Amino acid sequence: MNNSFVQNLVFSLNATIPVFLMMVFGWFMNRLNMLDEHTTKKINQFVFKALLPALLFMDLSTADFKSVWDTKFVVFCFLATTASIIIAFLISLVHKDKTERGEIIQASYRSSAAILGIAFVKNIYGEAVMAGLMIVGTVPLYNIIAVIVLSLTSPDKEKCNKKELFKKTAKDVLTNPIILGIAVGMLWSVLQIPQPVILSKSVSYLGNMATPLSLIALGASFKISDAKGKFKTAFGIAFIKLILFCIIFLPIAVKLGFRSEKLIAILVMLGSATTGSCFVMAKNMNHNGTVTACAVMITTLFSAFTLTMWLFILKTLNFI
């Protein structure tokens, strides 16, 4: 029993600690002025627009997609995300400051699905196919709902041209580099197009850089000073994001028969940190952004412990 406990704990720590050590490394690089805000922003753009799409293309294009595709899994991810949004909306109604409700909703449901999802699944299983399928079911919904919620709750509604915002959102979803990387990878796999060695090696070079570089940039973006007096609200968001959704939806996922890579992808979808892009979107849509910034900081910090805990529980119960 003791031996099993230790093995499961080691498995969980091996999955989480390397991921967060990369983030800590990025934070130290920022403190040493080796990664300033401008550089970090450019790295994030490079990872988002080039490296992550290359990684997803690399994993999906070489997979037997007809056997990998799981409609039930994608639909579950979509429905669980939809339910999470509704729960976050209902909880936000308790908050007195109406101008902050949109930020609370977005920060509560929107995960670092692309970066952390890929990092965890790849760290444990060596490929990110299931993370790619999870992204198909969540990321478009993340973006669309974020724009709707933030525009309807904006403190300066008159400054928001809703028609332009919705048009821009539709364009952003359709031209999202990660979605495009997934789509091209799926198409390549379905059509069974052969890959020349030159192409596969070049793409693998890019793809292999994605995870460590994205985590370093995420760590370098971590600024405690951004959390100005909003800790109470942020801790509430962290509980919803890291604990509540997992308590509600993980048992359902297990009951539906999801195991291994699929269950890990679902765990990250439900219980990973709030993505940093929430702050950018909130600011661009005339919100103060302080609640969002604080939520990103708190959830990023505590997810190191909560994700380890969830992995340990799932491993102990032999679900992964």
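Residues numbered from 1 in each chain as written. Predicted model: local features only at pLDDT ≥ 70, side-chain atom pairs only at ≥ 80, totals over all residues. Heavy atoms only, no water.

Colleague: For this particular structure, what's the right way to read the environment of Tyr142?
Modeller: Looking at the element boundaries, Tyr142 is found in helix 7 (residues 129-152). Of the residues examined, Tyr142 reaches a relative accessible area of 3% and is grouped as buried. Note: C-alpha distance between Tyr142 and Tyr109 (33 residues apart in sequence) is 8.1 Å. Beyond its immediate sequence surroundings of up to four residues, Tyr142 is in contact with Thr81, Tyr109, Arg110, Ser111, Ala113 and Met269. (Helix = DSSP H or I, 4+ residues; strand = E, 2+ residues; numbered from the N terminus. Buried < 20%, exposed > 50% of the residue type's maximum accessible area, 1.4 Å probe, protein only. Contact = heavy atoms within 4.5 Å.)

Colleague: Teacher, can you tell me more about the pattern of salt bridges here?
Modeller: Should their charged atoms come close, side chains of opposite charge can pair. In this structure the tally under the stated criterion is one salt bridge. As a salt-bridge pair, Asp70 and Lys262 come within 2.5 Å of each other at their nearest N and O atoms. Here Lys262 lies in helix 12 (residues 260-271) and Asp70 lies in the loop between helix 3 (65-68) and helix 4 (71-92), a separation of 192 residues in the sequence. (Salt bridge = Lys/Arg side-chain N within 4 Å of Asp/Glu carboxyl O.)

Colleague: How should I be thinking about helix 2 (residues 37-61) in this particular structure?
Modeller: For an α-helix, the turn length of 3.6 residues means that residues three or four places apart are oriented alike. The end-to-end C-alpha distance of helix 2, which contains 25 residues, comes to 34 Å, matching closely the 36 Å that a straight helix rising 1.5 Å per residue would cover. Approximately 45° is the largest bend angle found in helix 2, and it occurs at Val47. (Expected span 1.5 Å × (residues − 1). Bend = angle between axes of the 7 residues up to and from the residue.)

Colleague: Which parts of the structure should I look at to understand unusual backbone geometry?
Modeller: Outside of glycine, negative phi angles account for most residues, and trans bonds account for most peptide bonds. The phi dihedral of Gln192 is positive, around 55°, even though this residue is not glycine. Following the sequence through the fold, Gln192 ends up in the loop between helix 9 (177-190) and helix 10 (197-220). We note that Asn318 has phi near 60°; this positive angle belongs to a residue other than glycine. You can see Asn318 is positioned in the segment after helix 14 (290-316). Looking at Asn318, the relative accessible area reads 65%, which means it is exposed.

Colleague: Can you help me understand a nonpolar patch on the surface in this one?
Modeller: Together, Phe5, Val6, Leu9, Val10, Leu13, Ile17 and Leu21 give the surface a local cluster of nonpolar side chains, amounting to about 570 Å² of exposed area. Judged by its relative accessible area of 40%, Val10 falls in the partly exposed class. (Patch = residues over 30% accessible without salt bridge, like charges linked within 9 Å, V, L, I, M, F, W, Y side chains within 5 Å. Areas by Shrake-Rupley, 256 points an atom, 1.4 Å probe, with all protein chains shown as cover.)

Colleague: Please explain the nonpolar core as it appears in this structure.
Modeller: Nonpolar side chains in soluble globular proteins tend to be buried together. In terms of nonpolar packing, the biggest core is built from 86 residues, with Phe73 and Ile266 touching the most fellow members. The element best represented in this core is helix 7, accounting for 13 residues. Counting five residues, the second-largest nonpolar core is a separate cluster that includes Ile104, Ala107, Ile237 and Val291. (Core = buried A, V, L, I, M, F, W, Y, C linked by side-chain atoms within 4.5 Å.)

Colleague: Could you clarify how one ought to interpret the packing of aromatic side chains in this entry?
Modeller: Each aromatic ring pair is summarised here by two numbers: the centre-to-centre distance and the angle between the ring planes. Considering all chains together, one arrives at seven aromatic pairs under this definition. Taking the centre distance of 5.1 Å and the plane angle of 70° together, the rings of Trp27 and Phe28 count as edge-to-face. For Trp27, a relative accessible area of 27% translates into the label partly exposed. Overall, the relative accessible area of 43% leaves Phe28 in the partly exposed class. Note on Phe57 and Trp188: the rings are 5.2 Å apart at their centroids and 90° apart in plane angle, and the pair reads as edge-to-face. Of this pair, Phe57 sits in helix 2 while Trp188 sits in helix 9, and the two are 131 residues apart along the sequence. With respect to burial, Phe57 and Trp188 carry one shared label: buried. (Phe/Tyr/Trp six-rings, centres within 6.5 Å; stacked < 30°, edge-to-face > 60°.)

Colleague: Explain the packing of helix 11 (residues 231-255) against helix 12 to me, please; I cannot follow it from the model alone.
Modeller: For any two helices packed against each other, one specifies the inter-axial angle together with the distance between the axes. Helix 12 packs onto helix 11 with a crossing angle of 150° between their chain directions and a minimal axis gap of 8 Å. Classified by the angle between their axes, helix 11 and helix 12 sit roughly antiparallel to one another. Between helix 11 and helix 12 lies a crossing whose hand is right-handed. Contact residues: helix 11 offers Lys241, Leu242, Phe245, Cys246, Phe249, Leu250, Ala253 and Val254, while helix 12 offers Leu263, Ile266, Leu267, Met269, Leu270 and Gly271. Partitioned by chemical class, the residues of the contact of helix 11 with helix 12 number 12 nonpolar, one polar and one charged. (Axes fitted to C-alpha atoms, helices over the stretch in contact; angles between N-to-C directions. Parallel < 35°, antiparallel > 145°, perpendicular 65-115°, else oblique. Left-handed = near helix turned anticlockwise from the far one by under 90°. Nonpolar A, V, L, I, M, F, W, Y, C, P; charged D, E, K, R; others polar.)

Colleague: Where do I start with helix 4 in this structure?
Modeller: Between its first and last C-alpha, helix 4 extends 32 Å over 22 residues, near the 32 Å set by a 1.5 Å rise per residue. Among the residues of helix 4, Phe73, Val74, Phe76, Cys77, Ala80, Thr81, Ser84, Ile85, Ala88 and Ser92 are the ones counted as buried. In this structure Asp70 caps helix 4, since a side-chain oxygen of it lies 3.1 Å from the backbone nitrogen of Lys72. (Polar contact = N/O pair within 3.5 Å; in protein donor to acceptor, adjacent residues only side chain to side chain.)

Colleague: What's the story with the environment of Ser200 in this structure? I'm lost.
Modeller: Inspection of the secondary structure puts Ser200 in helix 10. Its relative accessible area of 27% is what places Ser200 among the partly exposed residues. Within the structure, the side chain of Ser200 is placed 3.1 Å from the backbone oxygen of Val197, a separation counted as a polar contact.

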